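Observations on the model geometry
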Amino acid sequence: MNSIRKLDWQEFFIPRLIKASGYSAILFVILIFFFLLRESLPTFGEVSLRQLFSERWYPIEARYGILPLITGSLLVTIGAMVIAVPFGIGTAVFISEIAPRWLREILKPLVELLGGLPSVVLGFLGILVLAPRLRILLDLPTGLTALAGSLLLGGIAVPTIVSIAEDALDAVPLAYREGAWAMGATRWQTIWRVTLPAARSGVLTAVMLGIGRAIGETMTVMMVTGNAPVLATRLDSLFRPVRTMTATIAAEMGEVANASTHYHVLFFIGMVLFLISLAVNLAASSIVFKAKKRAERVLS
Amino acid sequence: MKRSYANRDLIQRLGFSLLTLLALTTVFPILMVVGYIIKEGAPAISWEFLSAMPRDGMRAGGILPAIVGTLYLTIGTAIFSVPLGIAAAIYLSEYARDTFLTRLIRIAIINLAGIPSVVYGLFGLGLFVIFLRFGTSILAASLTLSIMTLPVIISASEEALRAVPQAFRTVSISLGGTQWQTIRRIVLPQALPGILTGVILGLERAAGETAPILFTGAAFFLPRLPDSPMDATMALPYHLFVISTQVPEMPFQIQYGTALVLLIFVLSMNIIATVIRSRARAKRQW
Amino acid sequence: MVDKIVIENLSLTYAEGNESLRHINLKIAANAITVLFGPAGGGKSSLLRCINRLNDLTDIRLLQGKILIDGQNVLDPKTDVIALRRKVGMVFARPVVLPFSIRGNLTYGLELAGEKRKSRLDEAVERSLKLAALWEEVKDRLDDPAVALSGGQQQRLCLARVLANQPEIILLDEPTSGLDPISTGKVEAALQELKHQYTIVLVPHSVQQAARTADYAAFFLQGELVEFGPGRDLFTNPKDKRTEDYVEGRFG
């Protein structure tokens, strides 16, 4: 019995330590929010709201209009999703429903590998390989455009979409499919009418998180979009240089003086990004929670 | 009737071809990227390139400080994020009940996973560099990367812990084990390969990141190795960014060589993780 | 006859699921096999899990009454549950071998209690394997993984693992439900030997097994104890109509 008593300090401290670690995730989200708030709040005393949401970003002349950065981020992200959604969901369906086992075992690690490629490597290839080809192909003054950013960002968002969508498709019970086959549906009809609809909340989550991934990506877009803070409102802005919110922070934060107006505005942009990612992820997780509840209702 | 069957068959065949094409178009560029960097970068790799300091404004010599720096940052990230992440995963899988607070933890983890890497950089600048006065240092950068890596490690570890059969826990408790003894002697060892896989994949991401270290610890150029955690450091991803955008007349070979070394660093972690996972699956006794 | 376990007015309801217990009063004799039988969901397993407090792991809505072991109420919150579970071993329906060697499975319980001396551990391995009638089959491969054993051997290993802890009471929850008749026979034979030293509470997987093994038998139906008595009487001459119907196979 004596030796059990010796374990008592472990039995006392370790579960408490473990519990504290569990709660640390909440602490970190709060800390991040707090420090972004702390460094960005002075913005409102230094720059008028009207100026903040104006069309001109030119910090040297104290012009801090973040509208071009927001439209730049939106344009590049939308372009990326136009590419990543069909390719991502298509690949997920292919891997989970069509590919033979051996091919699946090859494709899955390959897509995972794409997810692990450092974004700076893609940006680097974007500068040296992609942009020059785009310039010649489309006869543009420069290949460093929103389009180049969208193409690479699409590639970066694909693994996120594939892995979550594939999990969702995998989770559809085999019985659903067997039911459809038994009624004479082809495999193709089963995919479209049964499997995909049954997995729709997971697929939607995948797309949401893909958007989150694309809008927050920094290095690749900073390297290939040409970094011109001009308002991107028309479709042909795709073929011109733009600049995103993330790239602006990354490019300029290194050169500003602490606690200057420019510094505060960059933190304000960070706060906007943080809130966007919060909204995207809350929405995505509420889809998941709702779907779970629905599943519980159906099963019970 | 016959015609409609033929029709359905045709549609299915078209559909399958389209999906196959989509999947191949997704995968093909990945192989292209890796192949191209290996082909262009391989000639640059030499003992000198890996073991010497940069010279001539980084246009010649080696990239040793960047390699060592990335190694330090990866280890530093592991020191903070691995124990914390595994402990948090143990809490969620073994202790937490389904309460409001537990849900809040899960939402927090999902959100941490989604925060843009450059925002982590801002946070690290605000908290570690300025508020805690760590300065631009390996310490500040590692801490920033740790918090970014945490959700990956927690999610993967929790999944690995939950995969351990519940019956093992019940048996251990019924034999007079405490909950912690059960976790330490059965659950953790059985989940270890899965946890390790998740940890390596998380660290792989940290090793390749640039944005979080931009303002927290990365040095543009440092012709020596850092000698304390309070020093700034060069790092492979940031170095690749610098020499491909900031330095004029940079020889292509050095750029591709640096990209290749970074790729090898990251991919070998990826491969190690995959090997651990598949070997553990083959050896598993349940 | 000594009453090892005395259950007084025990009631139990889970937060989820239907199985429950209502006002159970039962005395379980030392050095005998007491069989708890009846249709599924009658509360037999729940009762077992109360005796070693394994129900602590489950969400319970209501738990009233007393379970006295050697006069001590084990449901008292101040009970040392670790010591209790060492004194009251349990074998489950499916043989769950831990992912260790055969030896590792047997020494696990002792190591939890801090036993490190190799001589003691080796002694416990041999003694418990002999008691569970498994020694001859595995003595040359104690360091092989336990999963390599057959289902019947695995279940006897689980029994041996409990015995290694030197308990006083052994609870068995349908221990032979997954086994073939020969393995079942070996487990039952082992129990007949063990009852001379231990108090055994068995939930059998069939009425036939109940009849074969019971020194005392208790018939449970939907959370109630319908009838209790010596095995001989209960199976040949049940007093309650419901017991008679069940024993003769009219429902179940």
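Structure: above.
My aim in this report is to walk through the structure given alongside it, one point at a time. Keep in mind that what you see is a predicted model, and the values were worked out from it rather than measured. (Residues numbered from 1 in each chain as written. Chains lettered and ligands numbered in written order. Predicted model: local features only at pLDDT ≥ 70, side-chain atom pairs only at ≥ 80, totals over all residues.)

Some points on the overall build of chain A
As a reminder, the rule being used: Only DSSP runs of H or I reaching four residues or more are called helices, and only runs of E reaching two or more are called strands; each is numbered from the N terminus. Note on contacts: each residue gets a C-beta atom placed from the backbone, and two residues are in contact if those atoms are within 7 Å.
Tallying secondary structure elements over chain A gives 14 helices and two strands in all. Taken along the three principal axes of its C-alpha coordinates, chain A extends 70 × 65 × 35 Å. Here the contacts in chain A between residues at least 6 apart in sequence split such that 75% fall between residues at least 24 apart.

Focus on the overall build of chain C
Defined as follows: Our radius of gyration looks at C-alpha atoms and nothing else; its globule reference is 2.2 Å times the residue count to the power 0.38. Exposure criterion: with C-beta atoms placed from backbone coordinates, a residue whose C-beta has 20 or more other C-beta atoms within 10 Å is buried, one with 12 or fewer is exposed, and one in between is partly exposed.
If you tally the helices and strands in chain C, you get 10 helices and 10 strands. Relative to the globule expectation of 18 Å for 252 residues, the C-alpha radius of gyration of chain C, 18 Å, shows essentially globular dimensions. With the principal axes as the frame, chain C shows a C-alpha extent of 55 × 40 × 35 Å. Looking at the 252 residues of chain C, the share that counts as buried comes to 46%. A separation threshold of at least 6 residues defines the contact pool for chain C, and within that pool the share at least 24 residues apart is 70%.

Points about helix α6 (residues 151–164) of chain C
Residue and element names in this part refer to chain C. Under the convention used in this document: Take the number of residues in a helix, subtract one, and multiply by 1.5 Å to get its expected span.
Counted at 1.5 Å a residue, the expected span for α6 with its 14 residues is 20 Å, and the 20 Å between its end C-alpha atoms agrees. Along α6, 13 of the 14 residues are buried, which leaves the element largely enclosed by surrounding structure. One or two positions beyond α6, positive phi appears at Q166, with a value near 50 degrees.

A closer look at the interface of chain B and chain A
Going by this rule: Three residue categories are used. Nonpolar comprises Ala, Val, Leu, Ile, Met, Phe, Trp, Tyr, Cys and Pro, charged comprises Asp, Glu, Lys and Arg, and polar comprises the others, including Gly.
Contact residues are listed per partner, giving 65 residues for chain B and 69 residues for chain A. For the side of chain B that touches chain A, the element with the most residues is helix α1 (residues 2–41) of chain B, which contributes 15 residues. A per-class count over the side of chain B that touches chain A returns 45 nonpolar, 17 polar and three charged.

Observations regarding the sheet that holds strand β9 (residues 216–221) of chain C
Two strands in a sheet stick together by hydrogen bonds in their backbones, pointing the same way (parallel) or opposite ways (antiparallel). All names here are of chain C. Our working definition: One bridge is not enough; two strands pair if DSSP finds at least two bridges between them. With axes taken as lines fitted to C-alpha atoms, and helix axes fitted only over the stretch in contact, angles between N-to-C directions fall between 0 and 180 degrees.
Across the sheet, which stays open at both edges, the six strands sit in the order β6-β7-β8-β3-β9-β10 with mixed pairing between neighbours. Each end of this open sheet is capped by a strand with a single partner; those strands are β6 (88–91) and β10 (224–230). Taking each pair of neighbouring strands and ignoring which way they run, the sheet shows an average axis angle of 15 degrees. Relative to β10, β9 is paired through six bridges, and the arrangement is antiparallel. Each bridged residue has a counterpart across the sheet, and for A218 the counterpart in β10 is F228. Contacts from α6 reach β6 and β7 (169–173) within the one sheet, and its direction differs from that of β6 by about 170 degrees.

Focus on the nonpolar core
Note on soluble globular proteins: their nonpolar side chains tend to be buried together. Put simply, the test is: The term nonpolar core means buried Ala, Val, Leu, Ile, Met, Phe, Trp, Tyr and Cys residues held together as one set by C-beta atoms within 7 Å.
Core analysis: the biggest nonpolar cluster contains 252 residues, and V121(A), I161(A), A165(A), A160(C) and A217(C) have the highest contact counts within it. Every residue in contact with A217(C), bar those within four places of it in the chain, is listed here: V35(C), F37(C), A210(C), G229(C), G231(C), L234(C) and F235(C).

Some points on the sheet that holds strand β4 (residues 60–69) of chain C
All names here are of chain C. Ordered by their spatial adjacency, four strands build an open sheet running β2-β1-β4-β5, and the pairing between neighbours is antiparallel. At either end of the open sheet lies a strand with only one pairing partner, and these are β2 (20–29) and β5 (72–73). Bridging between strand β1 (residues 3–14) and β2 involves seven bridges; their strand directions are antiparallel. Within the sheet, the bridge partner assigned to I5 lies in β2 and is I28. Strands in contact with helix α1 (residues 44–51) are β1, β2 and β4; relative to β1, the strand with the most contacts, it is inclined by about 115 degrees.

Topic: the packing of helix α3 (residues 64–95) of chain B against helix α8 (residues 179–208) of chain B
In helix packing, the relevant descriptors are the interaxial angle and the interaxial distance, both defined with respect to the helix axes. Residue and element names in this part refer to chain B. The condition is simple: Relative orientations are named as follows: roughly parallel for angles under 35 degrees, roughly antiparallel for angles over 145 degrees, roughly perpendicular for angles from 65 to 115 degrees, and oblique for any other angle. Should the near helix be turned counterclockwise from the far one by less than a right angle, the crossing is left-handed, whereas a clockwise turn marks it as right-handed.
At a minimum axis separation of 9 Å, α3 and α8 run at an interaxial angle of 140 degrees. Comparing the axis directions of α3 and α8 gives the class oblique. Considering how the two elements wind past one another, α3 and α8 form a crossing that is right-handed. Contacts from T70, T74, T77, A78, S81, V82, I86, I90 and E94 of α3 reach α8 at I183, V187, I195, V199, G202, L203, A206 and A207. Class assignment of the residues belonging to the contact of α3 with α8 gives a composition of 11 nonpolar, five polar and one charged.

Regarding helix α7 (residues 119–138) of chain A
All names here are of chain A. Just so we agree on the cut-off: Bend, in this description, refers to the angle at a residue between axes fitted to the seven residues ending there and the seven starting there.
The end-to-end C-alpha distance of α7 is 25 Å, clearly below the 28 Å that 20 residues give at a rise of 1.5 Å each. Along α7, the helix axis deviates most sharply at G126, where the bend reaches about 50 degrees. Every buried residue belonging to α7 is among S119, V120, V121, L122, G123, F124, L125, G126, L130, A131 and L134, and all of these are buried. At the exit of α7 stands D139, carrying a positive phi of roughly 55 degrees.

Things to note about the pairing of β6(C)
All names here are of chain C. Burial of the side chains of β6 extends over both faces: V88 and M90 are buried on one face and G89 and V91 on the other. Note that β6 and β7 share four bridges and pair parallel. If you follow V91 over to β7, its bridge partner there is L172.

Considering the environment of S277(A)
Residue placement: S277(A) occurs in helix α14 (residues 261–299). With residues near it in sequence (within four places) discarded, S277(A) still touches G212(A), G216(A), G114(B), I115(B) and P116(B).

Details of the packing of helix α4 (residues 100–114) of chain B against helix α6 (residues 138–163) of chain B
Residue and element names in this part refer to chain B. In the contact formed by α4 and α6, the axes pass within 8 Å of each other and the chain directions differ by 130 degrees. In this view, α4 runs oblique relative to α6, as classed from their interaxial angle. By crossing handedness, the relation of α4 to α6 is classed as left-handed. The residues of α6 that touch α4, namely those facing I109, L112 and A113, are L150, P151, I154 and S155. Grouping the amino acids of the contact of α4 with α6 by side-chain chemistry returns six nonpolar, one polar and no charged.

Thoughts on the environment of I153(B)
All names here are of chain B. By the secondary structure assignment, I153 is in helix α6. In this structure I153 comes out as buried when scored by C-beta crowding, with 27 C-beta atoms within 10 Å. Counting along the chain gives 44 residues from I153 to T197, while the straight-line C-alpha distance between them is 9.1 Å. When residues no more than four places from it in sequence are discounted, the contact partners of I153 are S81, V82, G85, I86, G198, V199 and G202.

Description of unusual backbone geometry
Note on backbone geometry: most residues besides glycine have negative phi, and most peptide bonds are trans. All names here are of chain A. Even without glycine at this site, A62 takes up a positive phi of about 60 degrees. Looking at where A62 falls in the secondary structure, it is placed in the loop between β1 (57–58) and β2 (63–64). Residue classification places A62 among the exposed residues on the basis of 12 C-beta atoms within 10 Å. The phi dihedral of D139 is positive, around 55 degrees, even though this residue is not glycine. Counting through the fold element by element, D139 comes out in the loop between α7 and α8 (146–170).

Things to note about the environment of V120(A)
As for its placement among the helices and strands, V120(A) is situated in helix α7. For V120(A), a count of 29 C-beta atoms within 10 Å corresponds to the buried category. Spatially, the C-alpha atoms of V120(A) and V221(A) are 9.4 Å apart, while their sequence positions differ by 101 residues. Not counting the four nearest positions on each side in its chain, V120(A) is found in contact with M219(A), T210(B), P237(B), L240(B) and F241(B).

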